[in-house]
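Chain residues, written in single-letter form:
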Amino acid sequence: MKIKYTKKAKLPTPWGNFLIMGFEENNNKNNHVALIYGDIKTKNPLLTRIHSECLTGDALFSLRCDCGFQLKESLKYISNEKRGIIIYHRQEGRNIGLFNKINAYAIQDLGADTVEANHKLGFSADERDFTICSDILKILNIKKIKLITNNLKKIKALNKKGIKIVERIPIIVGRNKNNEKYLKTKENKMGHIFNKKI
């Protein structure tokens, strides 16, 4: 495994009382967290969100993306379900880092889309490693999930690592005039699905 469990603590939120668990990558000491709601020791598929870190969207309320909206909606979904997990996958900007993400934004301001901007900076469209997320699920003995996502790459990556996705839950929130091009790029160039289940 690429990651190990570290600490846990209570985390009260507007959506209910979660448990926050810390995980650390073995090779570089990067850290990630899991937010757990209710009893996750169940044979039934667990409602799950893998949410990649987005400082601008999650904490600064940016309208350039739909990330902050997705995080809040996922917290609400899981609270309503009475059990579930959010893995907060700390690979900012699809794992190009915060400063490179700002550089990518500047390139987008000149007319490029998010994929073109990443390529101009020497990165692929998506640099994230979802193996970390499958390792966290395995540590928590979670084998079957209902995944809140529009991103088929997450489904393929988890399936490949032995996590069974029994249902995809679409999450269509936060569309606005500032992120229309971004969302269209995710759909047309990155294979995201915004209108149906699989």
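Residues numbered from 1 in each chain as written. Predicted model: local features only at pLDDT ≥ 70, side-chain atom pairs only at ≥ 80, totals over all residues. Heavy atoms only, no water.

Residues Ile85, Ile136, Leu137, Leu140, Ile142, Ile145 and Leu158 are the most contacted members of the largest nonpolar core, which totals 23 residues. Elements supplying a minimum of two residues to this core: strand S2 (16-25), strand S3 (31-37), strand S4 (46-52), strand S5 (84-89), helix H6 (131-139), strand S6 (144-148) and helix H7 (152-160). In contact with Leu137, not counting residues within four places along its chain, are Thr48, Ile85, Ile87, Ile142, Ile145, Leu158 and Ile163. Counting twelve residues, the second-largest nonpolar core is a separate cluster that includes Leu71, Ile78, Ile148 and Ile171. (Core = buried A, V, L, I, M, F, W, Y, C linked by side-chain atoms within 4.5 Å. Buried < 20%, exposed > 50% of the residue type's maximum accessible area, 1.4 Å probe, protein only. Helix = DSSP H or I, 4+ residues; strand = E, 2+ residues; numbered from the N terminus. Contact = heavy atoms within 4.5 Å.)

Our focus in this paragraph is the pattern of salt bridges. Evaluation of the coordinates by the stated rule reveals 14 salt bridges. We note a salt bridge from Arg90 to Glu53, for which the minimum N-O separation is 3.3 Å. Here the residue Arg90 occupies a position in the loop between S5 and helix H3 (92-95), and Glu53 occupies one in the loop between S4 and helix H1 (55-59), the gap between them amounting to 37 residues. Across the pair Lys76 and Glu73 runs a salt bridge whose closest N-O atoms are separated by 3.4 Å. Taken as a pair, Lys76 and Glu73 lie in helix H2 (residues 67-81) at a separation of three residues, close to a single helical turn. Salt bridges here are not isolated pairs; linked through shared partners, they connect Lys4, Glu24 and Lys29. (Salt bridge = Lys/Arg side-chain N within 4 Å of Asp/Glu carboxyl O.)

On to a nonpolar patch on the surface, then. Together, Met1, Tyr5 and Ile139 make up an exposed nonpolar region whose accessible area comes to about 290 Å². Residue classification places Met1 among the exposed residues on the basis of a relative accessible area of 59%. (Patch = residues over 30% accessible without salt bridge, like charges linked within 9 Å, V, L, I, M, F, W, Y side chains within 5 Å. Areas by Shrake-Rupley, 256 points an atom, 1.4 Å probe, with all protein chains shown as cover.)

Now for the sheet that holds S6. Spatially, the seven strands line up as an open sheet ordered S1-S2-S3-S5-S4-S6-S7, and their pairing is mixed. Unpaired on one side and paired on the other, strand S1 (3-13) and strand S7 (164-169) mark the two borders of the sheet. Strand-to-strand, the axes of this sheet are offset by a mean angle of 25 degrees, without reference to chain direction. Note: S2 against S3, six bridges, orientation antiparallel. Paired with Gly22 across the two strands is Val33, which belongs to S3. Contacts from H2 reach S2, S3, S4, S5, S6 and S7 within the one sheet, and its direction differs from that of S4 by about 165 degrees. The sheet contacts of H7 involve S4, S6 and S7, and relative to S7 the element is tilted by about 165 degrees. (Pairing = 2+ DSSP bridges. Axes fitted to C-alpha atoms, helices over the stretch in contact; angles between N-to-C directions.)

These values are about where atoms sit, not about what they do.
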